[in-house]
2 protein chains.
Amino acid sequence: MRYADVAKAERIRIYDVARVAGVSVATASKALNDTGRMTEATRTRVKQTATALGFRPNAMARALTRQRSFTIGLLTNDTYGRFTLPVMAGINEALVDQGVSVFLCGIEDDAALGKIHVDAMLDKQVDGIIATGKRIDRRLPVDLSDLPVPVVYAFTEGPADAVTLVSDDRQGAREATEHLLAHGRRRLVHVTGPDSFASVQNRAEAFRASAGQDAKVLYGAWSEAWGHEAVAKLWAQLNGPDGIFCGNDQIARGVVDALRERGIDVPAEVSVVGFDNWEIVSAATRPPLTTIDMNLKELGREAGRLILDLAEGKPVEPGIRTLPCKLVLRQSCGSDRVANRAEEEVLQEV
Amino acid sequence: MRYADVAKAERIRIYDVARVAGVSVATASKALNDTGRMTEATRTRVKQTATALGFRPNAMARALTRQRSFTIGLLTNDTYGRFTLPVMAGINEALVDQGVSVFLCGIEDDAALGKIHVDAMLDKQVDGIIATGKRIDRRLPVDLSDLPVPVVYAFTEGPADAVTLVSDDRQGAREATEHLLAHGRRRLVHVTGPDSFASVQNRAEAFRASAGQDAKVLYGAWSEAWGHEAVAKLWAQLNGPDGIFCGNDQIARGVVDALRERGIDVPAEVSVVGFDNWEIVSAATRPPLTTIDMNLKELGREAGRLILDLAEGKPVEPGIRTLPCKLVLRQSCGSDRVANRAEEEVLQEV
DNA sequence: GTGAAAGCGCTAACAT
DNA sequence: ATGTTAGCGCTTTCAC
């Protein structure tokens, strides 16, 4: 049977359920939605017939009357890369149980495309929009204020009075630095990305707060190449560092590779901590990187919950919600024994 | 103004347009959809009023009558990673102009979750479903046959009579191998993934067809570590290869790194070609990898077009459509001059 | 050329 | 406790 035939032949409506169960559509509707009042017997009978007939309500029709589509839009300019992926996974996790589906729209950095997608979402009556991106201190190229639906910003900048979710760069950097200190490292350096990034500045500040205000911070690109270059710079002087906290895993991998090429043992002589926990790089590094995970999936989950609350009209306090990062132990810092001890110490300080 | 107020206050319906334009809703509808017959003047007037009022049709209501939601579902078990990303981008590109939105559903390898998502899509009246995955020779854990909507399989296995899109592993492997040959490499080896993958077998076959039936093929894991190991194996014998075609970029990166560690120059002494063109690894390799791109985005675009045709009831020939890969030149094979010449030769052979 | 009216499938007052 | 009825916002015959 072709799908067209199936479509015509088999889709059964609440009308059918009502008829078979011997009630009116109104009663059927109430029975199935657990609203209204009726004998338990009727309700059960209707539900059973519905199941027996394989009834699935038409979400469009329902949305039309209820003014709620059980659909949300996810807007991102990170063309589904490093950051959006885990965020999306979290959102889906939070929403699937509620029967909410997600429209995904990648808009690059194209304002026109952004507007098209937002309009399309609005036309499709989304209950809310989650905006996400690749940079915590940049806005998407679309104006999402004054929309007729609620908006949650996750890992992208939003207006001051919006509901915004970000990961805690400072706390992440602090954990990384203290992990290094817990390993007995004292000559610490932070090799990170361009200082035009707010994340870079925040992490650098937190690093200095733990490592000492005179601890060195090297700014560069977010690349392995910069990791190599930084090592070259660092070891041009007499006394190289014994602990390096890197702004992302790519830099960290570059650092580790460069160190190995110089015959410097990681983690025996130098400990290295990365940032991002991007498996493809952190796990492939030799030795695998101990790094900071931004808990993006949890951030997505939280965004999902919030947009749901908002959509249901529940009150949600506006403002910036900061979610903690967590340290992921691998082998670039030293023995597990030490590492575990270090983690305990960190925990005690919280 | 809160979004709730905006929602109530500002959403204007076709009824409003009709009233302001001084026509009936029926005429308004026809005017806006370019159907029916009326004076050009009326049509224009209605359209202008619509624009002036900022009218946006309610997609739900429209879907209800037209039995077409302008929505499709994208199902994937590649939790939005390496393969799904570009495919998705292509799909979106093909569909956004048509006003079609995409529900993204990641189902891991969980059959129950898969069913939940498929049901949700069906409830939401999707016009079609595109199934995609991380492996060309494996099925998603859900049965998509006998659905009331059309299905297109892209980069995942489907039933024999389905519309399926795959990339051309053989042709890709052939291009890689001939590129190596064009560089004068004659002692070729193929270092690839587990031979349980159909892709691995097809590529290996194509490699042998070009490199000679006795050319060596080494099977292993899809990892950098395996690349290292393979080099160790290869150089344990006297005469190492001078051209290595790798099954993916991660293996290739491992190979290139291992070669460098042995003091073997890439590309001066050995040329290496990867597979996948996964930027994060191919561009970060030193030297950057010449590799095969599976054109996943184009594959997505094609999937989008096909599902659209199907949704519109246009006839689409079932069967497997094989899309060509393309060689991406970087620096792991030799000079651009040679590389370009090589590409010309390849082109001539097509 | 234009409009009245009947739905699409469902929900929610309001009757009974 | 159950049913009748009036929509949700739009498209589409079918009259006029």
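Computed from a predicted model, the values in this text were never measured in an experiment.

Definitions and limits used
- Residues numbered from 1 in each chain as written.
- Chains lettered and ligands numbered in written order.
- Predicted model: local features only at pLDDT ≥ 70, side-chain atom pairs only at ≥ 80, totals over all residues.
- Heavy atoms only, no water.
- Helix = DSSP H or I, 4+ residues; strand = E, 2+ residues; numbered from the N terminus.
- Rg over C-alpha atoms; globule rule 2.2 N^0.38 Å.
- Buried < 20%, exposed > 50% of the residue type's maximum accessible area, 1.4 Å probe, protein only.
- Contact = heavy atoms within 4.5 Å.
- Areas by Shrake-Rupley, 256 points an atom, 1.4 Å probe, with all protein chains shown as cover.
- Lys, Arg positive; Asp, Glu negative; His and termini not counted.
- Charge placed at Lys NZ, Arg CZ, Asp CG, Glu CD.
- Buried area = accessible area lost by both parts, 1.4 Å probe.
- Salt bridge = Lys/Arg side-chain N within 4 Å of Asp/Glu carboxyl O.
- Nonpolar A, V, L, I, M, F, W, Y, C, P; charged D, E, K, R; others polar.
- Polar contact = N/O pair within 3.5 Å; in protein donor to acceptor, adjacent residues only side chain to side chain.
- Near = heavy atom within 4 Å.
- Least-squares fit on C-alpha atoms with pLDDT ≥ 70 in both.
- Core = buried A, V, L, I, M, F, W, Y, C linked by side-chain atoms within 4.5 Å.
- Pairing = 2+ DSSP bridges.

Student: Got a minute to help me understand the overall build of chain A in this structure?
Tutor: Secondary structure assignment for chain A yields 14 helices and twelve strands. The globule rule puts the C-alpha radius of gyration for 350 residues at 20 Å, and the 26 Å found for chain A is more than 25% above it. Projected onto its principal axes, the C-alpha coordinates of chain A cover approximately 90 × 45 × 45 Å. The burial tally for chain A puts 57% of its 350 residues in the buried class. Of all intrachain contacts in chain A linking residues separated by at least 6 positions in sequence, the fraction that spans at least 24 positions is 69%. Within the structure as shown, chain A displays about 15,000 Å² of accessible surface, and the carbon and sulfur contribution to it stands at 51%. If you average the places of the 43 positive and of the 47 negative side-chain charges in chain A, the two averages end up 6 Å apart.

Student: Would you explain unusual backbone geometry in this entry?
Tutor: Among all residues save glycine, negative phi is the norm, and among peptide bonds the norm is trans. In this structure, the amide linkage connecting Arg286 of chain A to the following residue, Pro287 of chain A, adopts the cis form with an omega of -5°. Within the fold, Pro287 of chain A resides in the loop between helix H12 (279-282) and strand S10 (290-293). One non-glycine residue, Phe70 of chain A, lies in positive phi territory at about 55°. Turning to its location among the elements, Phe70 of chain A is positioned in the loop between helix H5 (59-66) and strand S1 (71-76). Here Gln67 of chain B, not a glycine, exhibits a phi torsion of approximately 60°, which is positive. Overall, Gln67 of chain B belongs to the exposed group, its relative accessible area being 63%.

Student: Explain the interface of chain B and chain A here, please?
Tutor: Frequently, the measure chosen for interface size is the accessible area removed from exposure when the parts meet. Listed as interface residues are 53 residues of chain B and, on the opposing side, 56 residues of chain A. Counting the surface lost from both chain B and chain A, the interface buries some 4,700 Å², and carbon and sulfur atoms represent 56% of this. Inspection of the region where chain B meets chain A yields 14 salt bridges. Listed by contribution, the elements that provide at least two residues to the side of chain B that touches chain A are helix H1 (3-10), helix H5 (59-66), helix H6 (84-96), strand S2 (101-106), helix H7 (111-123), helix H10 (224-234) and helix H11 (249-261) of chain B. The class makeup of the residues in the side of chain B that touches chain A is 31 nonpolar, eleven polar and eleven charged.

Student: I'm lost on the environment of Arg185 of chain A in this one. Help?
Tutor: All names here are of chain A. Looking at where Arg185 falls in the secondary structure, it is placed in the loop between helix H8 (169-182) and strand S6 (188-192). Between the C-alpha atom of Arg185 and that of Ala26, which follows or precedes it by 159 residues, the distance is 72 Å. Filtering out sequence-adjacent residues up to four positions away, Arg185 remains in contact with Leu180, Asp242, Gly243, Pro267, Ala268, Glu269, Val270 and Ser271. Polar side-chain contacts of Arg185 include one of 3.3 Å to the backbone oxygen of Glu269.

Student: Please explain the protein's contact with DNA strand C as it appears in this structure.
Tutor: Taken together, 25 residues sit near DNA strand C, with Ile14 of chain A together with Lys30, Arg37, Met38 and Thr65 of chain B positioned nearest. Within 4 Å of the protein, the contacting atoms of DNA strand C are drawn from sugar and phosphate to the extent of 73%. At 2.4 Å from a phosphate oxygen of DNA strand C is found a main-chain nitrogen or oxygen belonging to Ile14 of chain A. Of all the secondary structure elements, the ones that give two or more residues to the surface near DNA strand C are helix H3 (25-33) and H5 of chain A together with helix H3 (25-33) and H5 of chain B. Across the surface near DNA strand C, the residue classes break down as nine nonpolar, ten polar and six charged.

Student: Looking at this structure, how should I read the relation of the copies chain B and chain A?
Tutor: Relating the two copies of this chain is a rotation about some axis coupled with a shift parallel to it. By a simple turn and slide, chain B fits onto chain A: the slide is 0.0 Å along the axis, the RMSD is 0.1 Å, and the turn is 180°. Both chain copies can therefore be described as sitting about a two-fold axis. When each C-alpha of chain B is compared by its distance to the rotation axis, Phe103 of chain B comes out closest, at 2.3 Å. A high fraction, 100%, of the interface residues of chain B reappear at the interface in chain A, so the copies pair face to face through one surface.

Student: Whenever I open this one, the protein's contact with DNA strand D confuses me. Can you help?
Tutor: The local shell around DNA strand D holds 25 residues, among which Ser24, Lys30, Arg37 and Thr65 of chain A together with Ile14 of chain B are the closest. Taking Thr39 of chain A, its main chain carries an N or O atom lying 3.1 Å from a phosphate oxygen of DNA strand D. A distance of 3.4 Å separates a base oxygen of DNA strand D from a polar backbone atom of Thr65 of chain A. If you list the elements that add at least two residues to the surface near DNA strand D, you get H3 and H5 of chain A together with H3 and H5 of chain B. Split into classes, the residues belonging to the surface near DNA strand D amount to nine nonpolar, ten polar and six charged.

Student: I would appreciate a short explanation of the nonpolar core in the present structure.
Tutor: Most often, soluble globular proteins have nonpolar side chains that are buried together. Counting 92 residues, the largest nonpolar core has Ile130 and Val152 of chain A together with Ile130 and Val152 of chain B as the members making the most contacts within it. In contact with Ile130 of chain B, not counting residues within four places along its chain, are Ile72, Gly73, Leu74, Leu75, Ile91, Val152, Ala154, Ala303, Gly304 and Ile307 of chain B. Within the second largest apolar cluster, 36 residues are counted, among which are Val142, Leu144 and Leu147 of chain A together with Leu122 of chain B.

Student: How do you make sense of the pairing of strand S1 (residues 71-76) of chain B when you look at a structure like this?
Tutor: A regular strand carries its side chains on alternate faces of the sheet. Residue and element names in this part refer to chain B. Burial of S1 is extensive: six of the six residues sit out of reach of the surface. Looking at chain direction, S1 and S2 are connected through six bridges and run parallel. Note on S2: the bridge partner recorded for Leu75 is Cys105. Two strands pair when backbone bridges link them, and S1 and strand S3 (residues 128-132) are joined in this way by five bridges, in the parallel orientation.

Student: Where do I start with the environment of Val256 of chain A in this structure?
Tutor: Residues and elements named next belong to chain A. The topology assignment puts Val256 in helix H11 (residues 249-261). What makes Val256 buried here is its relative accessible area of 2%. Distance from Val256 to Leu234, taken between C-alpha atoms, is 13 Å for residues 22 residues apart in sequence. With residues near it in sequence (within four places) discarded, Val256 still touches Val272, Thr285, Arg286, Pro287 and Leu289.

Student: How should I be thinking about the pattern of salt bridges in this particular structure?
Tutor: Where side chains of opposite charge bring their charged atoms close, a pairing between them can arise. Counting across every chain of the model gives 62 salt bridges over all chains. Here Glu261 of chain A makes a salt bridge to Arg260 of chain B, at a shortest N to O gap of 3.8 Å. Note that Glu261 of chain A is positioned in helix H11 and Arg260 of chain B in helix H11, a pairing that runs across two chains. Under the relative-accessibility criterion, Glu261 of chain A is labelled partly exposed at 46%. Taking the relative accessible area as the measure of exposure, Arg260 of chain B reaches 29% and is therefore partly exposed. Between Lys314 of chain A and Glu312 of chain A there is a salt bridge, with the nearest N and O atoms lying 3.2 Å from each other. Residues joined in a network through salt bridges with shared partners are Glu224, Arg253, Asp257, Arg260, Glu261 and Arg286 of chain A together with Glu224, Arg253, Asp257, Arg260, Glu261 and Arg286 of chain B.

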